[in-house]
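# Structural characterization, general
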Amino acid sequence: MAEQSKRRLELKPVERRTFLRYSLIGSVGAGLGGFGLASLGFLWPRPGDELAGEVDLGDAMELIEEIEEERAPIRIPEGGISILMWEPSLEAAMRNYGDDHAVVNDDIGLMAVNSQSCPHLGCGVPWCQTSQWFECPCHGSRYNRYGEWTGGPAPRGLDRYVSFIDDGRFVVNLSEELTGPARTANALEQSPEGPSCVDA
Ligand code: FES
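Conventions and cut-offs
Residues numbered from 1 in each chain as written. Predicted model: local features only at pLDDT ≥ 70, side-chain atom pairs only at ≥ 80, totals over all residues. Heavy atoms only, no water. Helix = DSSP H or I, 4+ residues; strand = E, 2+ residues; numbered from the N terminus. Buried < 20%, exposed > 50% of the residue type's maximum accessible area, 1.4 Å probe, protein only. Contact = heavy atoms within 4.5 Å. Areas by Shrake-Rupley, 256 points an atom, 1.4 Å probe, with all protein chains shown as cover. Core = buried A, V, L, I, M, F, W, Y, C linked by side-chain atoms within 4.5 Å. Phe/Tyr/Trp six-rings, centres within 6.5 Å; stacked < 30°, edge-to-face > 60°. Pairing = 2+ DSSP bridges.

On a plain count of helices and strands, the chain comes out with three helices and 11 strands. Every one of the 200 residues in the chain was classed for burial, and the buried ones make up 39%. Long-range contacts, defined here as pairs at least 24 residues apart, represent 58% of the contacts in the chain between residues at least 6 apart. Carbon together with sulfur atoms contributes 55% to the accessible area of the chain, which is approximately 11,900 Å² in total.

Set out below in structure tokens:
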């Protein structure tokens, strides 16, 4: 009996060392695993990152027809953008957007805004069909049909990309992002055309 207790006592230091060794291996393994997963997550493309550089988004007149028919911007999820129409005939719009955005003719232009990332804290900003505004569901920032700020905590309008018309095609340069217009820019002066989607 006394011999058995002695053996049990003698075994204890070995078990503790083994336990510590396994714990150490376990923690290093878990750390490396976490690092590996984090690296993979970093490398994995987010929605909206699949397009880059100059991208041909289609025949400009067909895009315009679709926007008019649907009364909604065209969402391109692969690029994180929405294509909207703007009016070069509005003096303030031409002054603010004429240099960097596609002009199709005297009356109609096209523009690509970043609707994937609200300038406040980065939430996606869906189009609200009833108000005809972009409305952020996270903290209620709103943007008119041109993506100009109309209310809420966002510091500015939606960011946008340089675009142009090439042989009748609408081309967006996704490598050239432009900071959204200041809160005071209100070239469109558009009131909401119906109930808000974020208040409902
Ligand atoms: S993230 Fe859009 S209002 Fe806060």
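Grouped together as the largest cluster of nonpolar side chains are 20 residues, with contacts concentrated most on Tyr97, Val125, Phe134 and Tyr143. Every element with two or more residues in this core is listed here: strand E3 (81–86), helix H3 (91–97) and strand E5 (109–114). For Val125, the contacting residues outside a window of four places in its chain are Ser115, Cys118, Phe134, Glu135, Cys136, Tyr143 and Leu158. Core analysis: the second largest hydrophobic core is formed by 19 residues, Ile81, Ala102, Phe170 and Leu174 among them.

Right, let's talk about the packing of aromatic side chains for a bit. Throughout the structure, instances matching the rule amount to three aromatic pairs. Here Tyr97 and Tyr146 contribute two aromatic rings whose centre-to-centre distance is 6.0 Å and whose plane-to-plane angle is 90 degrees, an arrangement assigned as edge-to-face. In this pair, Tyr97 sits in helix H3 while Tyr146 sits in the loop between strand E8 (142–143) and strand E9 (149–151), placing the two residues 49 residues apart along the sequence. Ring centres 5.0 Å apart and planes at 70 degrees place the aromatic pair Trp127 and Phe134 in the edge-to-face group. With respect to burial, Trp127 and Phe134 carry one shared label: buried. An aromatic cluster is built from Trp86, Tyr97 and Tyr146, whose rings are joined through pairwise contacts.

Attention shifts here to unusual backbone geometry. With glycine set apart, most residues show a phi of negative sign, and most peptide bonds adopt trans. Of note, the phi angle at Arg71 is positive, near 55 degrees, even though the residue is not glycine. Structurally, Arg71 can be placed in the loop between helix H2 (60–70) and strand E2 (74–76). For Arg71, a relative accessible area of 44% puts it in the partly exposed group. The phi angle at Glu189 is positive, at roughly 50 degrees, despite the residue not being glycine. Take Glu189: it is sitting in the segment after strand E11 (169–178). Accessibility expressed as a relative area gives 63% for Glu189, which makes it exposed.

So, about the pairing of E11. Both strand E1 (residues 54–59) and E11 contribute to a ladder of four bridges, which runs antiparallel. Bridge pairing links Glu54 to Asn173 in E11. Pairing between strand E10 (residues 160–166) and E11: seven bridges, direction antiparallel. Across the sheet, Phe164 pairs through a bridge with Val171, a residue of E11. Hairpin connection, E10 to E11: the antiparallel pair is bridged by two residues, and Asp167 has positive phi, about 55 degrees.

Shape is all these values report; function is a separate question.
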